[in-house]
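Notes for the structure review
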Amino acid sequence: MTNQLDDHKRDLKLYLQDAREAVLWKLEGLSEYDVRRPMTPSGTNLLGVVKHLTGAEAVYFGETFGRPFENAPGLWVAGTADEPNADLWARPDESRETLVAGYRRVWAHADETIDALPLDALGQVPWPPRLHLGLGRILLHMVAETHRHAGQLDVVRELLDGATGLRPDDPVLPDVAPDWWPAHRARLEQAAREAARAAGENVPA
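Attention in this report is confined to the structure presented alongside it. Remember, predicted model here, so these are calculated numbers, not experimental data. (Residues numbered from 1 in each chain as written. Predicted model: local features only at pLDDT ≥ 70, side-chain atom pairs only at ≥ 80, totals over all residues. Heavy atoms only, no water.)

1. Brief notes about the overall build of the protein
Along its length, the protein carries six helices and two strands. From first element to last, N terminus to C terminus, the protein shows the α and β order α-α-α-α-β-β-α-α. By principal-axis analysis of the C-alpha atoms, the protein measures approximately 60 × 45 × 40 Å. The buried share of the protein, reckoned over its 205 residues, is 40%. Long-range pairs, those at least 24 residues apart, make up 68% of the contacts in the protein with a sequence separation of at least 6. (Helix = DSSP H or I, 4+ residues; strand = E, 2+ residues; numbered from the N terminus. Buried < 20%, exposed > 50% of the residue type's maximum accessible area, 1.4 Å probe, protein only. Contact = heavy atoms within 4.5 Å.)

If you want it as structure tokens, here you go:
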């Protein structure tokens, strides 16, 4: 049983690290403007997600298990940020280098917690209702949360410069000529319009 739990922990750490690395590579090669600018009506941006995930790992693998991580961004959802969404964007005086370094430091801190404790070790989430949760549950949550945010950044990065994929050398797209994509997109648009008309919907001109 112990070996199975060790294997489970190792697998969860592997998936978490894959997501962490994906989040950071989405910033590579971009200007200060592009890593910060809002790309959705709610303001989703690349560097802000890095800041948010730093705060999340600091809480879940730090304070929750009595191992606080200093100078972590507060989380607005937890009531520890100065204003709504404060952890989801980078102020002009917050450098990319500082925020990325902070994210990497919190990885190391989190991994120390994960390595030191068994998966059934209980921690207390420090906001109401102050749930007692096991390390395994917390680890699973952070795998899911980090991959969810990495998926958001997949879309943001593609909108910025067309880059896709989990890693720089793996775009996870078919190997086709560049002029294939506009035709493919037009085909999808036509299929959507035909389905909408069949459903009796009005389709924009």
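Read on for the rest.
2. Focus on the nonpolar core
Judged by nonpolar contacts, the single largest core of 45 residues is most densely connected at Phe-61 and Tyr-103. Among the secondary structure elements, those contributing two or more residues to this core are helix H1 (2-25), helix H3 (46-61), helix H4 (96-116) and helix H5 (135-161). Excluding its chain neighbours within four sequence positions, the residues that come into contact with Tyr-103 are Arg-20, Val-23, Leu-24, Val-50, Leu-53, Thr-54, Glu-57 and Thr-146. (Core = buried A, V, L, I, M, F, W, Y, C linked by side-chain atoms within 4.5 Å.)

3. Focus on a nonpolar patch on the surface
Taken together, the side chains of Leu-173, Trp-180 and Trp-181 present a nonpolar region at the surface, about 270 Å² in accessible area. Among the secondary structure elements, Leu-173 is positioned in the loop between H5 and helix H6 (180-198). You can call Leu-173 partly exposed: its relative accessible area is 41%. (Patch = residues over 30% accessible without salt bridge, like charges linked within 9 Å, V, L, I, M, F, W, Y side chains within 5 Å. Areas by Shrake-Rupley, 256 points an atom, 1.4 Å probe, with all protein chains shown as cover. Salt bridge = Lys/Arg side-chain N within 4 Å of Asp/Glu carboxyl O.)

4. As for the packing of H3 against H4
Angle between the axes and distance between the axes are the two parameters that describe a pair of packed helices. H4 packs onto H3 with a crossing angle of 25° between their chain directions and a minimal axis gap of 9 Å. The angle between the axes of H3 and H4 places the two elements in the roughly parallel class. Crossing handedness for the pair H3 and H4: left-handed. Within the contact between the two elements, H3 uses Leu-47, Val-50, Lys-51, Leu-53, Thr-54, Glu-57, Ala-58 and Phe-61 and H4 uses Arg-96, Leu-99, Gly-102, Tyr-103, Val-106, Trp-107, His-109, Ala-110, Thr-113 and Ile-114. Of the residues contributing to the contact of H3 with H4, the split by class is eleven nonpolar, four polar and three charged. (Axes fitted to C-alpha atoms, helices over the stretch in contact; angles between N-to-C directions. Parallel < 35°, antiparallel > 145°, perpendicular 65-115°, else oblique. Left-handed = near helix turned anticlockwise from the far one by under 90°. Nonpolar A, V, L, I, M, F, W, Y, C, P; charged D, E, K, R; others polar.)

Purely spatial values, then, with no claim about function.
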